[in-house]
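# Residue-level structure breakdown
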Amino acid sequence: MNWQSDGNVIETNFAPTLERWYERHKRDLPWRHTRDPYSIWLSEIILQQTRVAQGKPYYERFLAAYPTITDMARADERELLRLWQGLGYYSRARNLHQTARYITDELVGKFPDTFQNLLKMKGIGVYTAAAIASFAFGERVPVVDGNVYRVLARVFGVSEDITTTAAKKTFSWLAMRLIQRADDPATYNQAIMEFGAIQCTPVAPDCLLCPLQQECVAFQTGRQHLLPVKAKKAPVRERYFHYLIFQHGSKLAMRERTDRDIWQNLHEFYLVETDEPKKQLRELPLPDSIQEFVQRHGQATPPTEAVQLLSHQRIRAVFFRIELPDDANGRLPMGLAWYTMAEVEQLPKPLLVTNYLEKTFG
DNA sequence: AATGCGGGGAC
DNA sequence: GTCCCAGCATT
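Residues numbered from 1 in each chain as written. Chains lettered and ligands numbered in written order. Predicted model: local features only at pLDDT ≥ 70, side-chain atom pairs only at ≥ 80, totals over all residues. Heavy atoms only, no water.

### Section: the overall build of chain A
Using the following cut-off: Starting at the N terminus, helices and strands are each numbered in turn, a helix being any DSSP run of H or I of at least four residues and a strand any DSSP run of E of at least two. We compute the radius of gyration from the C-alpha atoms alone; for a globule the expected value is 2.2 Å times N to the 0.38, where N is the number of residues. The Shrake-Rupley method, run with a 1.4 Å probe sphere, supplies the accessible areas, and residue values consider only the shown protein chains as cover. His is not counted, nor are the chain ends; Lys and Arg add positive charge and Asp and Glu add negative charge. Every charge is mapped to an atom, namely NZ of Lys, CZ of Arg, CG of Asp or CD of Glu.
Check the secondary structure of chain A and you find 16 helices and seven strands. Computed over C-alpha atoms, the radius of gyration of chain A comes to 30 Å, more than 25% over the 21 Å expected from 2.2 N^0.38 for 362 residues, which places it beyond the range of a compact globule. For the C-alpha atoms alone, the extent of chain A along its principal axes is close to 90 × 55 × 30 Å. Accessible area for chain A stands at about 19200 Å²; split by element, carbon and sulfur atoms hold 50% of it. Side-chain charges in chain A split into 45 positive and 42 negative, and the spacing between the mean points of these groups amounts to 2 Å.

### Brief notes about the layout of surface pockets
Stated precisely, the cut-off is as follows: Site definitions follow a grid-based scheme: protein atoms alone, a 1 Å grid, a 1.4 Å probe that fits but cannot get out for cavities, and for pockets an open set with protein on both sides within 12 Å along at least five of seven lines, plus lining residues having an atom within 4 Å of a point. Grid points are joined across faces, edges and corners, and a volume is the space filled by probe spheres set on the points. Each residue gets one of three labels, nonpolar for Ala, Val, Leu, Ile, Met, Phe, Trp, Tyr, Cys and Pro, charged for Asp, Glu, Lys and Arg, and polar for the others, Gly among them.
Its volume calculated, the largest pocket comes out at about 1100 Å³. If one sorts the elements of the lining of the largest pocket by residue count, helix α12 (residues 185–198) sits on top with six residues. Its residues placed into classes, the lining of the largest pocket shows twelve nonpolar, eight polar and eight charged.

### A word on the protein's contact with DNA strand C
For clarity, the cut-off: Whether a residue is near a molecule or strand depends on its heavy atoms: if one lies within 4 Å, it is near. Within 3.5 Å is the distance limit for a polar contact, defined as a pair of N or O atoms, with the added protein rule that one can donate a hydrogen and the other accept it, and that residues adjacent in sequence qualify only through two side-chain atoms.
Looking at DNA strand C, there are 23 residues lining it, with L47, G123, T128, R150 and M193 nearest. Between DNA strand C and the protein, one listed contact pairs a phosphate oxygen with a side-chain N or O atom of T128 at 2.7 Å. N147 has a polar side-chain atom sitting 3.1 Å from a phosphate oxygen of DNA strand C. Elements with a contribution of two residues or more to the surface near DNA strand C: α9 (126–137), α10 (146–155) and α12. For the surface near DNA strand C, a count of residues per class yields eight nonpolar, eight polar and seven charged.

### Some remarks on the protein's contact with DNA strand B
In the vicinity of DNA strand B there are twelve residues, among which Q49, L87, Y89, Y90 and T165 approach most closely. A share of 49% of the atoms of DNA strand B within 4 Å of the protein falls on sugar and phosphate groups. Contacts to DNA strand B include L87, whose backbone N or O atom sits 2.9 Å from a base nitrogen. In this structure, a base oxygen belonging to DNA strand B sits 3.0 Å away from a side-chain N or O atom of Y89. Counted by class, the surface near DNA strand B contains three nonpolar, seven polar and two charged residues.

### Let's talk about the UniProt feature "domain: HhH-GPD" (unreviewed entry) in chain A
Counted only if it meets this: UniProt positions are given in the numbering used here, feature names are shortened, and annotations may be inferred rather than shown by experiment.
As annotated in UniProt, the feature "domain: HhH-GPD" (unreviewed entry) corresponds to residues 46–198 in the numbering used here. Here residues 46–198 is 65% helix and 0% strand, with 19 Å between the C-alpha atoms at its ends.

### With respect to the pattern of salt bridges
For clarity, the cut-off: Definition used for salt bridges: Asp or Glu carboxyl oxygen within 4 Å of a side-chain nitrogen of Lys or Arg.
Evaluated as defined, the whole model comprises nine salt bridges. We note a salt bridge from E23 to K26, for which the minimum N-O separation is 3.3 Å.

### What to know about the side chain of H267
Rule in force here: Type-normalised accessible area, obtained with a 1.4 Å probe on protein chains alone, sets the label of each residue: buried when under 20%, exposed when over 50%, and partly exposed for intermediate values. Between two residues, a contact is recorded if the distance between any of their heavy atoms is within 4.5 Å.
Within the secondary structure, H267 is located in strand β3 (residues 267–268). You can call H267 buried: its relative accessible area is 10%. Excluding residues within four positions of it along the chain, H267 makes contact with M254, R255, E256, Y339, L347, P348, K349, P350 and V353.

### Structural notes on empty space enclosed by the protein
Overall, the coordinates contain one cavity of 30 Å³ or more when judged by the stated rule. Approximately 100 Å³ is the volume found for the largest cavity. The wall of the largest cavity is formed by 13 residues, among which F195, C200, C207, C210 and C216 lie closest to the centre. Here the residues of the lining of the largest cavity are counted per class, giving eight nonpolar, three polar and two charged.

### Brief notes about the packing of helix α3 (residues 37–47) against α9
Applicable threshold: Axes here mean lines fitted to C-alpha atoms, for a helix over just the part in contact, with angles spanning 0 to 180 degrees between N-to-C directions. Helix crossings fall into two classes, left-handed where the near helix is turned counterclockwise from the far one by less than a right angle and right-handed where it is turned clockwise.
At a minimum axis separation of 10 Å, α3 and α9 run at an interaxial angle of 145 degrees. Here the hand of the crossing between α3 and α9 comes out right-handed. Contacts from P37, I40, W41, E44 and I45 of α3 reach α9 at Y127, T128, A131, I132, F135, A136 and F137.

This is the structure:
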């Protein structure tokens, strides 16, 4: 954490610099002309995971429809949801209504006025509690939102993965230190978010005209496009499994998975995996031994399909049941072995296989 | 610690 | 198509 040892200058200048920048560059937004906690609360809920441009008209309409928290508390839930229509994350609207009623009825209309008490309200988390506490009541508590992660990661060169809990602690700690130097907590909080929104943008930040250019670790090391570090959600891999279930009398052919892959040491049927979905048995690339085995004995029943979701994979499975006549030679291809139903039951198996067995043999 | 929850805009 | 946006609740 090199900003602790040699970052004292920037740590001291950071907040005042942003506050000065803000006074010159701030946009004129409706919720910046009020200290009414209800209005500020409304704006913050609307702006959760929502761009200013998208939320602004909703803010105007909500305030026109419900000028006070009492009006909102008395509102019809369906009407409120209809006003919310198109904004997404509809639980925000339900929590808004619920909290309006709670404050009006249980708190006798007295809006919670500290960070800690705001946090107790439904729909108000750490960010929103800090925003209302500082904007409406002047409390010296830092907002930490997506903008703040980005600005701090770049200016102070923090390369922790912002999706982790450890990183959130680091950023909150740093933000708490920085706001101590702010002239006005409300202005500072507005400033850092506005700065992230229009100067220190995710793509193509305007570093050439940046007031923090000299001190910014990211700019000085040419890493502004690499920060903040955010782990990509692993894409869900699509896989196509085709199971051949050989049935001889009341026995099933199964084998153990040994590859370094999912379901290691679990038991399954004969598996053919392909890169593309195949619905027909004859489309499958089968080794000669299996091909011969199927043709010699095979009596295929209509295939059934199933989908199994794993954390990072989606398995689309097709099951082909192949019944062998009683007098068939039961010698199996390598790796497979016959198991009675009772034995099959005892084997450790993937859920995909268990579900199939349940559905097919009940 | 992961996941679900929306819709829109920028690229 | 991907990424991200003034996040929160639930498990």
